[in-house]
Amino acid sequence: MVINRRVRAFIAVPLSESVLGGLKVGQEALRETGINASFPKISSLHITLKFLGEIPEDRISCIHDTLLDRIEGFQEFDVEVRGLGAFPSVSRPRVAWAGLKSGGRLPRLQKEVETAMMDLGFEPEGRKFSPHITLARIKSSRDLNLSAALLESMKDFEMGKTPVRSVRLYQSILNPGGAVHKMLAEAVSSGQKRE
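Reading the values: the criteria
Residues numbered from 1 in each chain as written. Predicted model: local features only at pLDDT ≥ 70, side-chain atom pairs only at ≥ 80, totals over all residues. Heavy atoms only, no water. Helix = DSSP H or I, 4+ residues; strand = E, 2+ residues; numbered from the N terminus. Buried < 20%, exposed > 50% of the residue type's maximum accessible area, 1.4 Å probe, protein only. Contact = heavy atoms within 4.5 Å. Areas by Shrake-Rupley, 256 points an atom, 1.4 Å probe, with all protein chains shown as cover. Lys, Arg positive; Asp, Glu negative; His and termini not counted. Charge placed at Lys NZ, Arg CZ, Asp CG, Glu CD. Pairing = 2+ DSSP bridges. 1 Å grid on protein atoms, 1.4 Å probe; cavity = no way out; pocket = protein on both sides within 12 Å on 5 of 7 lines; lining within 4 Å. Points joined across faces, edges and corners; volume = space filled by probe spheres on them. Nonpolar A, V, L, I, M, F, W, Y, C, P; charged D, E, K, R; others polar. pLDDT = per-residue confidence, 0-100. Axes fitted to C-alpha atoms, helices over the stretch in contact; angles between N-to-C directions.

A word on the overall build of the chain
- Of the regular secondary structure elements, the chain holds four helices and nine strands.
- Beginning at the N terminus, the succession of helices and strands in the chain can be written as β-α-β-β-α-β-β-α-β-α-β-β-β.
- Along the three orthogonal principal directions, the C-alpha set of the chain runs to about 50 × 50 × 30 Å.
- For the chain, with 195 residues in total, the buried portion stands at 44%.
- Taking all contacts inside the chain whose residues are at least 6 apart in sequence as the whole, residues at least 24 apart take part in 79%.
- Of the roughly 10,400 Å² that the chain leaves accessible, carbon and sulfur atoms contribute 50%.
- Within the chain, the 23 negative side-chain charges are centred at a point lying 5 Å from the centre of the 28 positive side-chain charges.

As structure tokens, then:
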């Protein structure tokens, strides 16, 4: 009997090296406040479009085919990474993030991905898509006043622009040193930038 292995998977947009450099500055500023938080590795940061959870390994090719059918050839666009903030609020942060601006194009792409995955039987997200990049997960209320002041002072901090040229299916491998992401499949844009 063959047991179908399961993988923890998500669909995301990779980030440019220049934006990763800007995100590193923002993350280091958060660290320096002394806030009790976990910080993802800069190299693992991305724009999540859809978290799929634990999926059977034999569904990867079907998900890839669906992405190719529904997403491949989308028109390339830029996303501006700007401003630090927090969920649920700056005064009571649980997650510190960098904001994303795309003139509505990123939410449209996310909706395409969401619809494509719903066609495969994945449940839709229970909340509205809120474009962001997670920089830290806050563990306790220690030094929240310092982090709140920092987030407020960096609400317009510019971290650069990243081109959205592909949508990728990743496997997330959880390790003691942090998650490692392995690309499983990719749908690429037509290369024509939409203004």
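Structural notes on the pairing of strand 8 (residues 166-173)
- Counted residue by residue, strand 8 has six buried out of eight residues, so it is predominantly covered.
- Note that strand 1 (residues 6-13) and strand 8 share four bridges and pair antiparallel. By the bridge assignment for strand 8, A9 is matched with Q171.
- Pairing of strand 8 with strand 9 (residues 180-188) involves eight bridges; the strand directions are antiparallel. Residue pairing across strands places S166 opposite V188, the latter belonging to strand 9.
- Following strand 8, the chain reverses through six residues before pairing antiparallel with strand 9; G178 in that reversal takes a positive phi of roughly 120°.

Here's the deal with the layout of surface pockets
- Reported here for the largest pocket is a volume of approximately 1,100 Å³.
- Taken together, 32 residues line the largest pocket, and the ones lying closest to its centre are H46, T48, H132, T134 and R137.
- Listing elements by their share of the lining of the largest pocket, those giving two or more residues are strand 1, strand 3 (47-56) and strand 6 (132-138).
- A class-by-class count of the residues in the lining of the largest pocket yields 13 nonpolar, twelve polar and seven charged.
- The space that makes up the second largest pocket amounts to roughly 150 Å³.
- In this structure, the second largest pocket is lined by F10, P14, L15, L20, S43, S44, L45, H46, Y170 and H181.
- Here the lining of the second largest pocket is composed, by residue class, of six nonpolar, four polar and no charged.

Looking at the confidence of the model for the chain
- With 96% of its residues at a pLDDT of 70 or more, the chain has an overall mean of 90.
- Of all helices and strands in the chain, the one with the weakest mean pLDDT is helix 4 (residues 144-153) (84), whereas strand 7 (residues 158-164) scores best (96).

Quick look at unusual backbone geometry
- In this model, F87 is joined to P88 through a cis peptide bond whose omega is -5°.
- Turning to its location among the elements, P88 is positioned in strand 4 (residues 77-88).

Some points on the sheet that holds strand 7
- Spatially, five strands are ordered 2-6-5-4-7 in an open sheet, and the strand pairing comes out antiparallel. Pairing within the sheet leaves two strands with one partner each, and these edge strands are strand 2 (37-38) and strand 7.
- Alignment of strand 4 against strand 5 (residues 93-101), held across seven bridges, turns out to be antiparallel. Of the residues in strand 5, the one forming a bridge with L84 is A98.
- Of the strands in this sheet, strand 4, strand 5, strand 6 and strand 7 are in contact with helix 1 (residues 17-32), which crosses strand 7 at around 145°.
- Sheet contacts for helix 4: strand 4, strand 5 and strand 6; angle to strand 4, the most-contacted strand, approximately 150°.

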